[in-house]
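# Chains, contacts and geometry: an overview
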Amino acid sequence: MSMRKGSFYILFLGCLLGLAACLDEREPDILAPELEIGEATGITRNAAHVNGFVRLQGEGAVAACHFVCDTTPALAGGRRVEADALTGEVGANLDSLKAGTDYYYCVEISNGYSVVRSESAHFRTEPNTRPALGATELVSKGPTTVVLGSRLLDDGGVRLMEVGFRYQAEGESEVHFVAAEVAEDNSFQVRLAGLRLATSYSAWTYASNEMGATVADTVWFTTDEAIYVTQPGTLEEVIGEQEKYDLDSISVAGMLNGTDIRFLREMFGQDVEGGDTPGNLRILDLSGASIVEGGEAYFASHYAQRNVIGRSMFQGCSRLEKIVLPNTVTVIEEDAFSGCSSLEVLTLPDDLVEFNPSAGCAALREFRVSVMNDRFRTKEGVLFDASGDSLLAYPCGREAEVYAIPDGVRVIGERAFLSAGVDEVDFPASVSVLGRAAFSRSALRTVVVPDAVRYLLEATFQNCQWLTSVTIGADVWSIGSSCFAGCPLRELRVLAEAPPVCAQTAFDASVFESCDIYVPAASKSTYRGTNVWKLFPLILEL
């Protein structure tokens, strides 16, 4: 019996040993993860991005994932930076690195009990260099001043020692340096003042650090009366207070806003409220300039508009003798040059499409039109539209006893003869339209309104202080308000059979007593019974 028990125990023990051997041959449930290290990217002087890959095997888990970085291959005591993931693609940003330095790095993971690292990889940070600069720019130029600008593209990784501009007069050995402050957007500018007039200069951007110096490209300029402005609102800075009231002739190119026009007015002798200044400017060339919106009001509450010579822009600038307008101007508004009593010639620029006259230009003797403008034309200094259909403006200072309007003209524009120094106008039969205030304040002494005219609009002859004799054509239907207000009429001939409809304010009250009126004999009684006309006490027959 005992032998059997022993055999049984031996057999049982053998089975246990066999089972244990089978268990040893099975795959384990937890295996070490596979780690891969990738190439560093985005390498600069002080930063880089490292990446790798963590692939789990079996039922293993990762509790932490870092990148280890150091300047030695052993990575002993290296800086550990947490990765952006635990498994799969992992990465990290390394910062505060030293320029021009070799770095080694690997992926390190932990399950809380043990640590595994990948093979190491290597990169080198970019070295420190000399500064990098943008192009040297001529921002603006005055008679004896220049504003230069540039941009710092890269400081080189170390502290700048100098940054600014160097310049030199032609034919001289001395080189001058003006330091600049770098703004937050890395731009910088300087103003070179006290330059000699009519002198050529070269200028270039300069910057240095402990790695060396950098020189940008050179610009050349010559000081003269020409002024160049690229930043609207900086004309005062370019010219400067010292020369503001000394210049009598300048040429300005670049973009000008309301602040710049305001400054020009002060140079002409007029401030923003119409007060006097010590300005002496007489001649202004703006052919290379353009008007843009923005800036302060140039006069009272008037603000600049793009490509517009606005109302009152040069009002009261009595010293202004000659002005060449920007070629890009499209509109000249009413009374833009009001009170410019010394202005002799006004040239309409290339792109102009709308022109409105100004009052008080007593010396204006001639309009001119750019050869590039196909919307206007002149004849004997008088302004017409391109077709010759409309007479747009008669120069106030062009004195003549009689002006014969050319045949074919149909329209006399609004305010066309405003303040004109002409005694009499000879109308061709083609004229059928007289614009609002067409002859207001003119020196006319006698007028014969053509038969083809149907309406005399408001203020057509208002304040013609020497106008004593008027003949109104046979087909006139109506006479507007203030049409003859301020006119000392002595004789009025109305050829219309039917009394024209007449505004109550068409004539001054004193005219009814002082003026003889003549009407067609057959219509005399009709005039006597019609409003306004019946106020004339004595109506005579033609």
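Structural data are supplied above this passage.
I will try to describe carefully the structure that is included in this document. Along each chain, residues carry numbers from 1 onward, in the same order as the chain's sequence is written. Local features in this predicted model are restricted to residues of pLDDT 70 or higher, and side-chain atom pairs are both shown and tallied only at a pLDDT of 80 or more, whereas totals for entire chains, interfaces and linings draw on every residue. Hydrogens and water are ignored here; the side-chain numbers use all heavy atoms of the structure.

## A few points about the packing of aromatic side chains
Pairing of aromatic side chains here covers Phe, Tyr and the six-membered ring of Trp, requires ring centres within 6.5 Å, and sorts the geometry by plane angle: under 30 degrees stacked, over 60 edge-to-face, intermediate tilted. Scanning all chains against the criterion turns up 24 aromatic pairs. Considering the side-chain rings of Tyr 394 and Phe 417, the 5.0 Å spacing of their centres and the 20 degrees angle between planes classify their relative orientation as stacked. Here Phe 417 lies in the loop between strand E31 (411–412) and strand E32 (422–426) and Tyr 394 lies in the loop between strand E29 (390–393) and strand E30 (400–404), a separation of 23 residues in the sequence. Phe 417 shares its class with Tyr 394; the two are buried. Through a chain of ring-to-ring contacts, three or more aromatic side chains come together here, namely Tyr 394, Tyr 403, Phe 417, Phe 427, Phe 439, Phe 461, Phe 484, Phe 507, Phe 512, Tyr 527, Trp 533 and Phe 536. Only when the NZ of Lys or the CZ of Arg is both within 6 Å of the ring centre and within 35 degrees of the ring normal is a charge said to sit over the ring. Across from the ring centre of Tyr 206, 3.7 Å away, lies the NZ or CZ of Arg 166, which sits over that ring. It is Arg 493 that lies over the ring of Tyr 518; its NZ or CZ is 4.6 Å from the centre. Numbering of helices and strands starts at the N terminus; helices are DSSP runs of H or I of at least 4 residues and strands are runs of E of at least 2. Only protein chains enter the area calculation, which uses a 1.4 Å probe; residues under 20% of their type maximum are buried, those over 50% are exposed, and those in between are partly exposed.

## Topic: the environment of Ala 121
Along the polypeptide, Ala 121 turns up in strand E8 (residues 121–124). On the basis of relative accessible area, Ala 121 is assigned to the buried category, the value being 19%. Spatially, the C-alpha atoms of Ala 121 and Val 107 are 9.7 Å apart, while their sequence positions differ by 14 residues. Excluding anything up to four places from it in sequence, Ala 121 contacts Ile 37, Gly 38, Tyr 103, Tyr 104 and Tyr 105. Should any heavy atoms of two residues lie within 4.5 Å, those residues are considered in contact.

## A closer look at the nonpolar core
What makes a nonpolar core is a set of buried Ala, Val, Leu, Ile, Met, Phe, Trp, Tyr and Cys residues whose side-chain atoms join them at distances within 4.5 Å. Ile 412, Phe 417, Leu 456, Phe 461, Phe 484 and Phe 507 are the most contacted members of the largest nonpolar core, which has 50 residues in total. Elements represented by at least two residues in this core include exactly strand E28 (382–385), E32, strand E36 (469–472), strand E38 (491–494), helix H5 (511–514) and strand E40 (516–519). Those residues in contact with Phe 461, other than ones at most four positions away along the chain, are Leu 434, Phe 439, Ser 440, Leu 444, Val 447, Val 449, Leu 456, Leu 467, Cys 483, Phe 484, Ala 485 and Cys 487. Counting 46 residues, the second largest nonpolar core, distinct from the first, contains Phe 268, Leu 284, Ala 304 and Met 313.

## Topic: the pattern of salt bridges
Any carboxyl oxygen of Asp or Glu within 4 Å of a side-chain nitrogen of Lys or Arg constitutes a salt bridge here. Summed over the entire model, instances satisfying the criterion amount to 30 salt bridges. Across the pair Arg 55 and Glu 34 runs a salt bridge whose closest N-O atoms are separated by 3.0 Å. With Arg 55 in strand E2 (residues 48–55) and Glu 34 in strand E1 (residues 34–37), this residue pair connects regions lying 21 residues apart in the sequence. Its relative accessible area of 34% is what places Arg 55 among the partly exposed residues. Judged by relative accessible area, which is 36%, Glu 34 ranks as partly exposed. Across the pair Glu 266 and Lys 244 runs a salt bridge, and its minimum N-O distance is 2.4 Å. Remark: Lys 244 occurs in helix H3 (residues 241–244) and Glu 266 occurs in helix H4 (residues 258–268); sequence separation between them is 22 residues. Its relative accessible area of 17% is what places Glu 266 among the buried residues. You can call Lys 244 buried: its relative accessible area is 4%. In the salt-bridge network here, residues are joined through shared partners; they are Arg 311, Glu 334, Asp 335, Glu 414, Arg 415 and Arg 436.

## A closer look at the sheet that holds strand E12 (residues 160–169)
Spatial strand order, E13-E12-E15-E16: four strands in an open sheet with antiparallel pairing. The two strands at the open ends of the sheet, each matched to only one other strand, are strand E13 (176–179) and strand E16 (212–222). Across the sheet, the mean angle separating the axes of adjacent strands is 25 degrees when strand polarity is ignored. Strands pair, by our definition, only if DSSP identifies at least two bridges between them. Sheet topology places E12 next to E13; four bridges connect them, and they run antiparallel. Axis definition: a line fitted to C-alpha atoms, limited for helices to the stretch in contact. Angles are taken between N-to-C directions and run from 0 to 180 degrees.

## Side note on the environment of Thr 471
Secondary-structure assignment places Thr 471 in strand E36. Spatially, the C-alpha atom of Thr 471 lies 10.0 Å from that of Asp 451, the residues being 20 residues apart in sequence. Not counting residues up to four positions away in its chain, the partners in contact with Thr 471 are Val 447, Val 448, Val 449, Arg 493 and Leu 495.

## Concerning unusual backbone geometry
Even without a glycine there, the phi angle at Asn 463 is positive, about 60 degrees. Tracing the backbone through its elements, the reader meets Asn 463 in the loop between strand E35 (455–456) and E36. A relative accessible area of 34% places Asn 463 in the partly exposed class. Phi is positive for Ser 482, close to 60 degrees, though the residue is something other than glycine. With respect to the secondary-structure elements, Ser 482 resides in the loop between strand E37 (478–479) and E38.

## Observations regarding the state of the cysteines
We call a pair of cysteine sulfur atoms a disulfide when they lie within 2.5 Å. One pass over the full model with this rule turns up zero disulfides. Unpaired in this structure, Cys 487 has its nearest cysteine sulfur neighbour in Cys 464, at a distance of 4.8 Å. Among the residues examined, Cys 487 registers a relative accessible area of 2% and is labelled buried. A disulfide-free cysteine, Cys 515 has its sulfur positioned 11 Å from the sulfur of Cys 487, the nearest such atom. What makes Cys 515 buried here is its relative accessible area of 4%.

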